[in-house]
Amino acid sequence: MDGVLVSRSGLDDLISDLTQRGYEVLGPTRVDGAIVYDRIGSTADLPVGWGDEQGPGGYRLVDRGDEGLFGYTVGPMSWKRFLFPPREELFTVSRSNGTLTFNQAEITAPERAFFGVRACELAAIGIQDRVFLESGFVDPGYAERRRSALVVVVECGTAGGTCFCASMGTGPGCSGGFDLAITELPGDPIDYLVRSGSAAGAALLDGLGGRPAGDADFERARRVVEQAAASMGRSLEVEGIRDLLVDGPEHPRWSEVAERCLACGNCTLACPTCFCSTTVDRVSLDGDAVRSRRWDSCFGLDFSGLHGHSVRATVKSRYRQWMTHKLATWHDQFGSSGCVGCGRCITWCPVGIDITQEVRAIREEAVR
């Protein structure tokens, strides 16, 4: 495997090189007390020295007191918003002399470099690829944006309080599906192992400088990832989970969680794989119209509305639908789980509902 060892200045050179090649470089940055993804111009824009503390319904940044660039996990925003935008115009309708003309909206797909993608998020992008590109229908907007995206992964050296990617087999390390992968190697000074995973990544690696990575460097990177895997804040037993949930639609735990659930949809909006959407028409008085697609949530009462009535009128039925689809029937549709273990649905739930705890409770009751 090709790789080089660079200092922080080497990563600055990489960001500069990407910019010069015409990429809009997006990466993690600190805004309003959270880690979000926005345009960056150098490593100075990253949350240098910051970490995070996450728990059910809780998130805050903490000053780590070091010079690390990637000492935090994932925040409220996922890369989904850049590939599958929250709002997207689909087509317009214009009326002239009694004739309607339909015009498909222009697809804009600027070349973007996703800098700092975590392993669980890379897995989430792969899941959405199956949904939008490989399930029998190709979403043209997603396809163009995906084609224009270059992915720079950062392997995790620390796990968050709600992380369970190790249980899902989606992290904290990466073995493929990226253009470049970075591993932050602690020490004085801090080193960064950068390796390529594609032809585009290899071209960037050739111009990066640094020194060729040796076996000892790869071993250091392996230990960093192993440490993160051993410090997961959560775990989820996945063996037999599909049948466990599908065969238990009347389990009493569904009623118990419904008493706490607000049906706010936070979990679905923060989730990097949820893809539910609805369409909205804006019609002017002269008859012209714009149809747009926007994110929606299966927690909404009207989401399953048919003939004026909701198929899932209770919070219990809607929570059961979400979790059963995510962890069970997603396998039937797309050949994998719909969960990557990022923990966002736990952290950003206002009442702290923990999906790993809910599965554990159902499993324990089933065993008795």
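Parameters and conventions
- Residues numbered from 1 in each chain as written.
- Predicted model: local features only at pLDDT ≥ 70, side-chain atom pairs only at ≥ 80, totals over all residues.
- Heavy atoms only, no water.
- Axes fitted to C-alpha atoms, helices over the stretch in contact; angles between N-to-C directions.
- Helix = DSSP H or I, 4+ residues; strand = E, 2+ residues; numbered from the N terminus.
- Parallel < 35°, antiparallel > 145°, perpendicular 65-115°, else oblique.
- Contact = heavy atoms within 4.5 Å.
- Phe/Tyr/Trp six-rings, centres within 6.5 Å; stacked < 30°, edge-to-face > 60°.
- Buried < 20%, exposed > 50% of the residue type's maximum accessible area, 1.4 Å probe, protein only.
- Expected span 1.5 Å × (residues − 1).
- Pairing = 2+ DSSP bridges.

Student: Break down the packing of helix α9 (residues 252-260) against helix α11 (residues 315-334) for me, with residues and values.
Tutor: Interaxial distance between α9 and α11 falls to 8 Å at its minimum, and their mutual angle equals 110°. As the angle between them shows, α9 and α11 are arranged roughly perpendicular. Taken together, the residues of α11 that come into contact with α9 (itself represented by Trp-254, Ser-255, Val-257 and Ala-258) are Val-315, Lys-316, Tyr-319, Arg-320, Met-323 and Thr-324.

Student: Lay out the packing of aromatic side chains in plain terms, naming residues and giving numbers.
Tutor: Tallied over the entire structure, the rule returns 19 aromatic pairs. With a centroid separation of 6.3 Å and an interplanar angle of 80°, the aromatic rings of Phe-132 and Phe-275 are classed as edge-to-face. Note that Phe-132 is positioned in helix α3 (residues 119-132) and Phe-275 in the loop between α10 (266-270) and β13 (277-283), a separation of 143 residues in sequence. Side by side, Phe-132 and Phe-275 carry an identical accessibility label, which is buried. Each member of the aromatic cluster is reached from another via a ring pair, and the members are Phe-84, Phe-132, Tyr-142, Phe-275, Trp-295, Trp-330 and Phe-334.

Student: Pulling in residues and values, what's your account of α3?
Tutor: In this model α3 runs 20 Å from its N-terminal to its C-terminal C-alpha over 14 residues, within 8% of the 20 Å that 1.5 Å per residue would give. Counting buried positions along α3 yields 11 of 14 residues, so the element is predominantly enclosed. Among the residues of α3, Ala-119, Cys-120, Glu-121, Leu-122, Ala-124, Ile-125, Ile-127, Gln-128, Asp-129, Val-131 and Phe-132 are the ones counted as buried.

Student: With reference to specific residues and values, describe the pairing of strand β11 (residues 191-196).
Tutor: Burial analysis of β11 places six of its six residues in the buried class, which makes it a mostly covered element. Side-chain alternation along β11 places Asp-191, Leu-193 and Arg-195 on one buried face and Tyr-192, Val-194 and Ser-196 on a second face that is also buried. In the sheet, strand β1 (residues 3-6) pairs with β11 via four bridges, with the strands oriented antiparallel. Looking at the pairing, Val-6 lines up with Tyr-192 of β11. Judged from the six bridges that link them, strand β10 (residues 180-185) and β11 form a sheet pairing that is antiparallel. Bridged to Leu-185 within β11 is Asp-191.

Student: Could you give me a rundown of the environment of Gly-51, with the residues and numbers involved?
Tutor: As for its placement among the helices and strands, Gly-51 is situated in strand β4 (residues 50-55). C-alpha of Gly-51 to C-alpha of Leu-150: the two residues are 99 residues apart in sequence and 26 Å apart in space. In contact with Gly-51, other than residues within four places in its own chain, are Arg-60, Leu-61, Val-62, Arg-64, Gly-71 and Tyr-72.

Student: I'd love a proper account of the side chain of Asp-129, names of residues and values included.
Tutor: Following the sequence through the fold, Asp-129 ends up in helix α3. Excluding anything up to four places from it in sequence, Asp-129 contacts Glu-134, Tyr-142 and Arg-146.

So far we have only geometry, and geometry alone does not tell us how the molecule works.
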